[in-house]
Each structure stands twice: as structure tokens, then as C-alpha cells.
Amino acid sequence: MEHSKADAARSWKARDPVEGETRDARSLQMEFAMVPEMVKQFMGYFYRHIRERNLNEIFSMYDVTFTKLSDRFFKGTNWPSADVIAELVDHDHVFLLLYKEMYFRHMYATTQPTLRQRCESWENYCNLFRVILHGNVNMQLPNEWLWDMVDEFIYQFQSWCQYRLKPSRMQAQELEQLKACDNVWNVVDVTNYLQALVDKSGIVAELKADGGQALKESEGYGPHSNVLRMLGYFSLVGLQRVHSLIGDYDSGLKALFPIVLQNPSVLYATKIPGCNITAHYYSAFDYIMLKRYNDASKILNSVLTYVARVKSFLRDSSQYDQILKKNEQMYALLAIVVALAPAAQRNLDEQVATMLREKHQDKIAQMARGVEAVYDELFSYACPKFVAPRAPDFESPTDTSQSAYLQQLRLFLVEIRQQQYLATIKQYLKLYTSISLQKLAQLMQTDESSIRTHMMTLKSQTMQKEWAGEGDATEGTWVNSGDVDFYVDVDPTTGNEMVIVTETVVTKRQGDFLARHILKLEEIQRDLTLAQPVQTTNPAAAAYA
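Residues numbered from 1 in each chain as written. Predicted model: local features only at pLDDT ≥ 70, side-chain atom pairs only at ≥ 80, totals over all residues. Heavy atoms only, no water.

- Per an unreviewed UniProt entry, the protein goes by Eukaryotic translation initiation factor 3 subunit L and derives from Tetraselmis chuii.
- The protein has a UniProt comment under Subcellular location (unreviewed entry) that states "Cytoplasm". (UniProt positions renumbered as here; feature names shortened; annotations may be inferred.)

## Things to note about the side chain of Asp148
- Within the secondary structure, Asp148 sits in helix H8 (residues 143–164).
- Here Asp148 sits buried without a salt bridge, and the closest side chain of opposite charge, Arg105, lies 4.0 Å off (N-O distance). (Helix = DSSP H or I, 4+ residues; strand = E, 2+ residues; numbered from the N terminus. Buried < 20%, exposed > 50% of the residue type's maximum accessible area, 1.4 Å probe, protein only. Lys, Arg positive; Asp, Glu negative; His and termini not counted. Salt bridge = Lys/Arg side-chain N within 4 Å of Asp/Glu carboxyl O.)

## Notes on the packing of helix H15 (residues 273–289) against helix H17 (residues 320–340)
- Two elements in contact, H15 and H17, have axes whose closest approach is 11 Å; the angle formed by their N-to-C orientations is 25 degrees. Taken together, H15 and H17 sit at an angle that is classed as roughly parallel. The element H15 and its partner H17 pack so that their crossing is left-handed. In this structure, H15 contributes Pro273, Ile277, Tyr281, Phe285 and Ile288 to the contact, and H17 contributes Ile323, Lys326, Met330, Leu333 and Val337.
- Grouping the amino acids of the contact of H15 with H17 by side-chain chemistry returns 9 nonpolar, no polar and 1 charged. (Axes fitted to C-alpha atoms, helices over the stretch in contact; angles between N-to-C directions. Parallel < 35°, antiparallel > 145°, perpendicular 65-115°, else oblique. Left-handed = near helix turned anticlockwise from the far one by under 90°. Contact = heavy atoms within 4.5 Å. Nonpolar A, V, L, I, M, F, W, Y, C, P; charged D, E, K, R; others polar.)

## Section: the nonpolar core
- Residues Phe46, Trp79, Trp145, Phe153, Tyr233 and Phe234 are the most contacted members of the largest nonpolar core, which totals 147 residues.
- If one sorts the elements of this core by residue count, H17 sits on top with 13 residues.
- When near neighbours in sequence (up to four residues on either side) are disregarded, Phe46 contacts Ile58, Met61, Tyr62, Phe95, Met102 and Trp145. (Core = buried A, V, L, I, M, F, W, Y, C linked by side-chain atoms within 4.5 Å.)

## Digging into the pattern of salt bridges
- Applying the stated criterion to the full structure yields 14 salt bridges.
- Between Asp250 and Lys254 there is a salt bridge whose closest N-O contact spans 3.3 Å. Within this pair, Asp250 and its partner Lys254 are both found in helix H14 (residues 249–256), separated by 4 residues, close to a single helical turn.
- Among the ionic pairs, Glu377 bridges to Lys363, the shortest N-O distance being 2.7 Å. Separated by 14 residues along the polypeptide, Glu377 in helix H19 (residues 372–382) and Lys363 in helix H18 (residues 350–368) bring together distant segments of the chain.
- With a relative accessible area of 42%, Glu377 lands in the partly exposed category.

## Examining the packing of helix H16 (residues 293–310) against H17
- Following both chains from N to C, one finds H16 and H17 inclined at 150 degrees, their axes separated by 10 Å at the closest point. By the criterion of interaxial angle, the relationship of H16 to H17 is roughly antiparallel. For the element pair H16 and H17, the recorded crossing hand is left-handed. On H17, the residues touching Tyr293, Ala296, Ser297, Leu300, Val303, Leu304 and Val307 of H16 are Ile323, Asn327, Met330, Tyr331, Leu333, Leu334, Val337 and Leu340.

Okay, structure coming up:
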């Protein structure tokens, strides 16, 4: 592999704030002797296929063989360190960086990493991204691996933020070591690496040129390396996720803007289920927190239909359980959306609407009556694991790992409490086609001035932005999202202020329904045409076929 080592030449030991022991050649030889022969063969074949750019073999060994070897030899323990297996792969610097990315991902999935291991994983990602950004990497890697790389990078950032906000569980020595790690998994550095990958890949200009048509047709591969190009694409989703996790929802939508989720015919993300579901989930959540319930319902309808279509093909995937859980979370979000904006139901396919009723019909009715506890329950279940990207108070070590979540929950419930009183007004308005402001004030046991203010608040809350189908996803046109519309006029005969009510009837827009299904049919036909079985020829993989 051709690459530049200049940016990755810094020694961890030279800047490691956590003291550790170095291993001599004898200990490495002893560890190497303990490595199972099947694992040694795997490393040799894996390295060879990456050098030879055999994509099918690389994917098979990465997605199937590595998982099965992990289950057989390393269940609950770590793979051999990069130092131990280095001579099996000619001490290739870039391959060892890739191996350590898998090594630490397995560690996070099966064990509880130490402070030192968290720091080492961060250093490995930094070195790997520097080589990709500044070197001459000519590899072809499966896009699934590149997505997993970005996904795991952000997951470990989340894990770090949660870990360091639990100082009360740490020993004094660990706290002192943690103080020296203020630049490890720093939110600014995390976003800077993701943005650098986006900028260097040129993916934004490519998506703006044709909406992503060429990317989807080629599936991101070509005569040259796909690594930087696809890492840039996936980093758009990664940036959205990071912004959402810290509560910056507007920036989250802007980060994803070059990827148009509402146009599945040119959306490459549908090829990578994890990427597609992540992008839709965080987009929908951002829209909910920005009170744009119509847009949220469209995004959720699209992704829930997608999951229903592909989940049967993912039963053998290691991510199957996660996808099912995310599916349930998104139905919970959709229940919140429908309760807050009943008119959003017109954006749902019959399949999604039926499943929503089966899962949450009673809870939707309770939320429509303003029952705060149900909102609290569904929000807590469906929201992402927010992070507070700040260092803990080392002088007064207390557990504040839930502070970000509690802050976002409070903000959400403030909006719900404002709507509780308004929900009662809406119930009265549904009983009349017109009612005087004075009578409505009497029914609500308040004065005309207060009820006039509440009516203005209700009017403003039922108006929301809706994406017009092009341009910035953070912009849109104002539409009515309520199930009751009204205006206030003066009765010319009595001089009283009257509330004129017009009930909004939710009707199915058959044109949109047919258009969506035509696009889905075209996408299925395209997938069937392009689908090719993966053939495995290497012995290490064949042993677990």
C-alpha cells in the first residue's frame, strides 16, 4: 500500500498521559505462539486481499469470518494486539491501523475498555484519518466497513462523554490520569476530522451536481480508491449525528443537507441499512425538536417503510437487533408527532399508519388529551443518548452523565405543558363552527384578554415550516399542521369578537401515495438487477462458510 507516515509518526508513549508497561520481544513471541493457527491464516489472507483490492473477499472476511472467529476464540476477550500480529502482515503501517480499528471496536462491544484503551483508540483513529487525508491511499474497502468506521468513531465519542462524567465511580489515580486527557475525544476535534473528510473528498460538490445519481449507480466504487470518497459521504451523516447528540438540531439538518433523504431514487444510503436508518432517525428527531412535525412524519414514514421491506433480509446480520430496536424507537417518535400534529397522518402510508395504531393507539389518545407522563415515557425511550461535551468538575466529583438527557427532556416537556392548556381549547373548538370569544373565555374560566392570548398562541403553534422539496432542509414554507383551523372576526350585528372554526379533514393524497410506490418499485428492480452473490475462495473464510 502506498501511504504517508509523516503525520502518523508521533509515538503514543511520548505523549501518553496514562502510564503503562512496554512489552519486550520475548513477551511478544510468547503471545504470538498463543494465537490460534486459524487466526494467523485469517490475518495473512486478509492482508493479501486488501493489498490485491479483492472487494468480495475483503467483505466476506470482514463481515463474516472476523465475526465467527471472534465468537469462537475471543468471546469476552480481546483479539491479539497489533504488535503481536505485525510480522504476519509485513509490519504494514496502514493495515495495522485498519486492524486496530477492528480490534478496538471488538473491545468496546465485548468488554469494558480502560482509560488507556480509550485513549489508544482515539490515537488510532487520529492516525488513520491523517493517513487517509494526507497520504496516498490506493485501497478499495467495502463501503459497509467505511460506514462502520464512522459509526464506531461517533459511538466511542459518545461512550467517552458518558464515561468521564462519572468521576464518582473512579479511583483517585484514575481521576488524575483523566485530567491529563482533556484533548482526547474532544468534540471540536471529532467534528473537525469529520468535516475534513467531507471537504477533502469533494462529496458535497458531487452530490450537488447530480443529486447522487452517479454515486448510487457506481455504488461508490471506481478505478481509484473509494475510501476518501465514501468516508466523506458517511461523514455527512456522522456530522448530523454529532450535532444532534449535543442538542444543535438546526446544524444537524444543515450538515446532512447535501444528502436528500426525500429522493430515494438517487439515495445511495439505502444500500447501507445502518447509514440509511441513522440519517432518517436523526433527521426526524431534529425536525421534532424544531417543531416541524410534517417533515418529521414524512421522514419517519419513509424509513419505517424501508425497514419493513429490508428487515427480513437482515436476520443474519449482527445489527439485526439494533435495527429492530431503532424501528420501535421511530414508531414511538411517530406517535409523538401524530399526537402533536394530527394533520401529519396524511403523510403516512397505510402500512405504517396501521402498524402505528397497533402499537400506540391508546398512547396517542392519551397524549392528545395532554397526559404528560406518556410524552415523557415515549421521549425517554425514543430519544438518542445525548452527550455533554465538557469535562467534569474534578473538585466536586459527582455523576452528571444524565445531565444532557435531562436538559433535553425538560425542554421538550416545556413545549408539551404549553400545549396542555391549548388542548382543552381545541376540544371546545371542535364542538362549534363559531363561538364568541366571551363564551369561550367563560368555558375556560378566564377573561377575554387571556383567552385572546391563548388563541394567538394556539394559532402560532399549529403553523410550522415544511420543506418545499428543494433547497436547504432547514428552510420551508409555513403550513397548518393542526386538526382544527380558525380565525377571529367581529360579528357586524352584535360587535362581538367571534371565533370561526373550520375543521381540517385529513385526506389521503393518492398522487403522492402512487408516486412513492412507483419509486419503490423502480428501486427494487434496480437492486435485483445489480445484486450479485458474494463468492468466497480463501480457505480461512471457507472454513466458516
